[in-house]
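Notes for the structure review
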Amino acid sequence: MARNSTDTRERLVETALRLFRSEGYQATTMRRIATETGVSLGNAYYYFAGKEELVHELYLVVQREHRALALPRLREDAPLEDNLRAVLHSGIDVMAPYHGFGATFVQTALPSTSPASPFSERSGEARTMAVDLMRQAVTASRHRPSRSLQTQLPTLLWLAYLGVTLHWVSDGSPDQERTRVLVDRVSPVIAKAVNLSRLPIARGLVDDIVRLTETLGTRAVTR
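Residues numbered from 1 in each chain as written. Predicted model: local features only at pLDDT ≥ 70, side-chain atom pairs only at ≥ 80, totals over all residues. Heavy atoms only, no water.

Re the overall build of the protein
Counting its secondary structure elements, the protein contains 11 helices and zero strands. Looking at the 223 residues of the protein, the share that counts as buried comes to 48%. Put simply, 71% of the contacts in the protein that link residues at least 6 apart link residues at least 24 apart. In the structure as shown, the protein presents an accessible area of about 11,500 Å², 55% of it carried by carbon and sulfur atoms. (Helix = DSSP H or I, 4+ residues; strand = E, 2+ residues; numbered from the N terminus. Buried < 20%, exposed > 50% of the residue type's maximum accessible area, 1.4 Å probe, protein only. Contact = heavy atoms within 4.5 Å. Areas by Shrake-Rupley, 256 points an atom, 1.4 Å probe, with all protein chains shown as cover.)

Things to note about the packing of aromatic side chains
A full pass over the atoms with the stated rule returns three aromatic pairs. Measuring from ring centre to ring centre gives 5.3 Å for phenylalanine 20 and tyrosine 25, while their planes differ by 45°; the resulting arrangement is tilted. Per residue, the accessibility class of phenylalanine 20 equals that of tyrosine 25, and both read buried. On the numbers, 5.0 Å between centres and 90° between planes, the contact of tyrosine 46 with tyrosine 47 is edge-to-face. (Phe/Tyr/Trp six-rings, centres within 6.5 Å; stacked < 30°, edge-to-face > 60°.)

Structural notes on the packing of helix H5 (residues 80-95) against helix H10 (residues 177-196)
Where H5 contacts H10, the two axes come as close as 8 Å, and the packing angle between them is 145°. The chirality of how H5 crosses H10 is right-handed. Side by side, H5 and H10 meet where Leu80, Glu81, Leu84, Arg85, Leu88, His89, Ile92 and Asp93 of the first sit next to Thr179, Arg180, Val183, Asp184, Val186, Ser187, Pro188, Ile190, Ala191 and Val194 of the second. When the residues that make up the contact of H5 with H10 are grouped by side-chain class, the tally is 10 nonpolar, three polar and five charged. (Axes fitted to C-alpha atoms, helices over the stretch in contact; angles between N-to-C directions. Left-handed = near helix turned anticlockwise from the far one by under 90°. Nonpolar A, V, L, I, M, F, W, Y, C, P; charged D, E, K, R; others polar.)

Some points on helix H4 (residues 51-70)
Spanning 20 residues, H4 covers 28 Å between terminal C-alpha atoms, matching the ideal 28 Å at 1.5 Å per step. In terms of residue burial, H4 counts as a mostly covered element, since 14 of its 20 residues are buried. (Expected span 1.5 Å × (residues − 1).)

A closer look at the environment of arginine 142
By the secondary structure assignment, arginine 142 is in the loop between helix H7 (124-140) and helix H8 (147-150). On the basis of relative accessibility, which here comes to 44%, the residue arginine 142 falls in the partly exposed class. Measuring from C-alpha to C-alpha, the distance between arginine 142 and arginine 75 comes to 9.5 Å, with 67 residues separating the pair along the chain. Apart from the residues within four sequence positions on either side, arginine 142 is in contact with Asp77, Ala78 and Pro79. Within the local environment of arginine 142, its side chain forms a polar contact with the backbone oxygen of aspartate 77, the two atoms lying 3.1 Å apart. (Polar contact = N/O pair within 3.5 Å; in protein donor to acceptor, adjacent residues only side chain to side chain.)

Section: unusual backbone geometry
For residues other than glycine, phi is negative in most cases, and the peptide bonds are mostly trans. Positive phi is not limited to glycine here, since aspartate 77 has a value of about 65°. Along the chain, aspartate 77 turns up in the loop between H4 and H5. Positive phi outside glycine occurs at aspartate 175, with the angle close to 55°. Along the chain, aspartate 175 falls in the loop between helix H9 (153-169) and H10. Take aspartate 175: its relative accessible area is 65%, and that puts it in the exposed class.

Details of the packing of H4 against H5
Viewed as axis vectors pointing N to C, H4 and H5 meet at an angle of 130°, and their least axial separation amounts to 9 Å. The angle between the axes of H4 and H5 places the two elements in the oblique class. Taken as a pair, H4 and H5 cross one another with a handedness that is right-handed. Only Val87, Ser90, Gly91, Asp93, Val94 and Met95 of H5 make contact with H4, whose side of the interface consists of Val62, Glu65, His66, Leu69 and Ala70. For the contact of H4 with H5, a count of residues per class yields six nonpolar, three polar and two charged. (Parallel < 35°, antiparallel > 145°, perpendicular 65-115°, else oblique.)

So, in structure tokens, the structure goes:
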């Protein structure tokens with residue numbers, strides 16, 4: 001019985017994501033998802049209270065696929081900007097099929113009460129995967145941050161990735177080329193800032209950044 005329950009849930013998620021990609025978020029209804037999956041509407045609502053919860057599942061799927069695509073692209077002892085660029089481009093590659101309803105996804109995820117919010121308690125698994133991917137990019141790279149910044153840098157890089165994602169959502173250029181250019185330009189800037197963090201003159205600024213990141217982390221956990 002438990003296995004059948006898991007199979008049904010997985011099939012509902014697969015169907016919903018397929019319909020989101022092909023028909024868009026607004027045109028996809030819970031009734032259509034249930035029909036395409038071959039279950040009753042009541043059964044579909046047993047597993048998911050609505051489409052918003054399925055957007056949360058999309059967030060998880062995207063993070064898993066992002067990790068699977070990005071990790072082989074990391075190079076040991078490469079400059080941080082190269083590994084960061086690889087991770088950010090991988091994220092865009094994975095999100096590409098969902099660009100048609102990217103704006104809707106952001107609108108769904110923005111409210112603090114939304115389970116799809118990247119800062120929500122329910123998104124903890126996806127957030128942990130995303131931050132850990134950034135941690136592996138830093139660990140593989142030649143240039144390391146200052147000791148005080150090292151712990152919080154992966155979270156900062158994840159926040160930068162969220163910023164890139166917001167740009168991608170509103171990017172109407174062919175294949176979101178403007179976002180690709182942004183990634184190529186912002187990666188060396190971040191890498192240079194990380195290198196500068198090792199200088200004594202930057203110690204006060206680094207401490208402020210660390211405190212800010214810790215505050216954001218606490219906010220994510222307590223929401």
